[in-house]
Amino acid sequence: MNRRSFVLSAGTAAASTAAMGANDRVRAGIIGSGGRGRLLTAEFKEVGAEMAAVCDVYQPNLEAGLKAANTGAQSYSDYRRMLEDKSLDAVIVATPDHWHARMVIDAVNAGKDVYVEKPLCHKIDEGFEIVDAVRRTKRVVQVGMQRRSSTLFIEARNVANSGVLGDVRLVTSWWLNRQDGLSSATLQGPLDWKQWLGTAPAREMSSQRFFNWYYYWDYSGGLLIGQAAHVVDAIQWFMNSKHPAAVTCSGGRVNLPGAEIPETASIIIEYPENYMATFTLGYKAMRYSTSLDQMKQFHGSKARLDVGREGFRLFPEQTGLELKAVKEDIQPGSFVPATRQHIRNFLECTKSRKDPNAPVEAGLATAIVLCMTLDSLRSGRRLKWNAETRRVET
């Protein structure tokens, strides 16, 4: 199926949807055209969207984003001006985490559908504000947790929910690899530093912070949050959990010079459904192929399900010296297309007005765990979640 036939087959939009562009293609704009933003730009174009606008506060990124977008794309240095363009049907938010909430809320209030990178938000209260705004405006918002659109992960989840595992009281998971250090890149053009900081604490302009924002408390949560966002969401999706009961996080020393957040840490998550999950991050381990660097193990009373990035295996209870899988599906190279599948699902939903595979409620459920993880790591405390009051308790 070519790109045009895919878009046309998705159907027409509901009455509340803004008028579609030429040839019924979704007209989208990207906010944040760094490396991830340009990758998403290419993927959206590949599945048939028209990338008609690019916004970035750093001039070199803006210029690179315009080259990646469709010919004639409009450029913006302020995302709010982009949102005034009534010809845009959707926007993609690929900025540092601390900007996600404000931009999603402003976009849906402007009548746009949104594809937002994970995590949904940097603070729990922001997540609830996003959910309220999305449901009030009836916009479609997809959180970039692409495993939910992967056919491989959907198959693995069906196995997990088939009853073959028995009672699952423990889920263990890890993501292991190695990073040697932070980027040493320097600014090569104009940067609107004040706008980039947004609501984050005021600081002097810093190339290190700008190019390594991932590793600073003010803007994100390091590899710990970036990787756990995917794994924790998959666990909660497989286990049908909506929120945690308690979260505890412990980390080692920071071994990436200049970073604030450790690259080696473990999270323990307790759930009201009577199971516990653990996630261990180790980015000073040996190097792994990306097909082997992560694992989720669902330890049932009858069987264990191992789910990696590109495959899964089911091991029933057995007494032999070696475990033998009775079901497996290994698909090398299947993870990269998951992002494209996730984007296709989003574009389909902009037409059908159905909820996407990773709706804001799912993004919030994961964000609650992630925000509690950072608070626990910094305070050294086990933190409880009160779902009724929407508050973290010690």
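Note that the structure is predicted; figures quoted are calculated from it, not measured.

Student: Can you help me understand the pattern of salt bridges in this one?
Tutor: Oppositely charged side chains may form a pair once their charged atoms are brought near each other. According to the stated counting rule, one finds 24 salt bridges in the structure shown. A salt bridge links Arg81 to Glu84, with the nearest nitrogen and oxygen atoms 2.9 Å apart. The salt bridge partner of Glu328 is Arg313, with a shortest N-O separation of 3.0 Å. Of this pair, Glu328 sits in strand E14 (residues 327–330) while Arg313 sits in strand E13 (residues 311–316), and the two are 15 residues apart along the sequence. Owing to a relative accessible area of 36%, Arg313 belongs among the partly exposed residues under this scheme. Here the salt bridges do not stand alone but share partners, grouping Asp78, Arg80, Arg81 and Glu84 into one network.

Student: Quick question: what am I supposed to make of the packing of helix H6 (residues 124–137) against helix H12 (residues 360–379) here?
Tutor: Packed helices, taken two at a time, are described by the angle between their axes plus the distance between the axes. Two elements in contact, H6 and H12, have axes separated by 9 Å at closest approach and are oriented at 175°. The orientation of H6 with respect to H12, classified from their angle, is roughly antiparallel. Mapping the contact onto sequence places Ile124, Gly127, Phe128, Ile130, Val131, Val134 and Arg135 in H6 and Val360, Glu361, Leu364, Ile368, Cys371 and Met372 in H12. A class-by-class count of the residues in the contact of H6 with H12 yields 10 nonpolar, one polar and two charged.

Student: What is the right way to look at the sheet that holds strand E3 (residues 74–76) in this model?
Tutor: In space, the six strands of this open sheet follow the order E3-E2-E1-E4-E5-E6, with parallel pairing throughout. Each of the sheet's edge strands pairs with one partner strand only, and the pair in question is E3 and strand E6 (141–143). Across this sheet, the average inter-strand angle for adjacent strands is 20°, counted without regard to direction. Sheet topology places strand E1 (residues 27–31) next to strand E2 (residues 50–55); five bridges connect them, and they run parallel. Across the sheet, Ile30 pairs through a bridge with Val54, a residue of E2.

Student: What's the story with the sheet that holds strand E12 (residues 303–308) in this structure? I'm lost.
Tutor: Through backbone hydrogen bonds, the strands of a sheet pair up, either in parallel or in antiparallel fashion. On the basis of which strands lie adjacent, the open sheet formed by 10 strands has the order E14-E13-E12-E11-E7-E10-E9-E8-E15-E16 and mixed pairing. The sheet terminates laterally at E14 and strand E16 (391–393), the two strands that pair on one side only. In this sheet, adjacent strand axes meet at a mean angle of 15° when their direction is disregarded. Across seven bridges, strand E7 (residues 168–176) lies against strand E11 (residues 294–300) in antiparallel orientation. Residue pairing for E11: Leu170 is matched across the bridge by His299.

Student: Quick question: what am I supposed to make of the nonpolar core here?
Tutor: One recurring pattern in soluble globular proteins: nonpolar side chains tend to sit buried together. The biggest cluster of nonpolar side chains holds 99 residues, and the ones touching the most others in it are Val114, Ile130, Phe238, Phe298 and Leu305. What Val114 contacts, discounting residues up to four positions off in sequence, is Val91, Val93, Val104, Ala107, Val108, Val140, Val141, Gln142 and Phe346. Core analysis: the next-biggest nonpolar cluster, separate from the first, contains 21 residues, Leu62, Ala69, Ala94 and Val140 among them.

Student: Got a minute to help me understand the pairing of strand E10 (residues 275–282) in this structure?
Tutor: As a general feature of sheets, a regular strand has side chains that alternate between the two faces. In this structure, E7 lies alongside E10, joined through seven bridges in parallel fashion. Residue pairing across strands places Leu170 opposite Met276, the latter belonging to E10. The sheet contact formed by strand E9 (residues 264–271) and E10 spans eight bridges and is antiparallel. Opposite Ile269, over in E10, you have Ala277 as the bridge partner.

Student: Please explain the pairing of E2 as it appears in this structure.
Tutor: Summarising burial for E2: six of the six residues are buried, a large majority. For the handedness criterion, the β-α-β arrangement of E1, helix H2 (residues 35–46) and E2 is classed as right-handed. Two strands pair when backbone bridges link them, and E2 and E3 are joined in this way by three bridges, in the parallel orientation. When the sheet's bridge partners are listed, Ala53 is paired in E3 with Gln74. Considered for its hand, the β-α-β crossover made up of E2, helix H3 (residues 59–68) and E3 is right-handed.

Student: Sorry, what's going on with H12 here?
Tutor: Owing to its 3.6 residues per turn, the α-helix brings residues three or four apart onto one side. In this model H12 runs 28 Å from its N-terminal to its C-terminal C-alpha over 20 residues, within 8% of the 28 Å that 1.5 Å per residue would give. Phi turns positive one or two residues past the end of H12, at Gly380, with a value near 75°.

So, how was this worked out
Residues numbered from 1 in each chain as written. Predicted model: local features only at pLDDT ≥ 70, side-chain atom pairs only at ≥ 80, totals over all residues. Heavy atoms only, no water. Salt bridge = Lys/Arg side-chain N within 4 Å of Asp/Glu carboxyl O. Helix = DSSP H or I, 4+ residues; strand = E, 2+ residues; numbered from the N terminus. Buried < 20%, exposed > 50% of the residue type's maximum accessible area, 1.4 Å probe, protein only. Axes fitted to C-alpha atoms, helices over the stretch in contact; angles between N-to-C directions. Parallel < 35°, antiparallel > 145°, perpendicular 65-115°, else oblique. Contact = heavy atoms within 4.5 Å. Nonpolar A, V, L, I, M, F, W, Y, C, P; charged D, E, K, R; others polar. Pairing = 2+ DSSP bridges. Core = buried A, V, L, I, M, F, W, Y, C linked by side-chain atoms within 4.5 Å. Right-handed = clockwise from strand over helix to strand, strands pointing away. Expected span 1.5 Å × (residues − 1).

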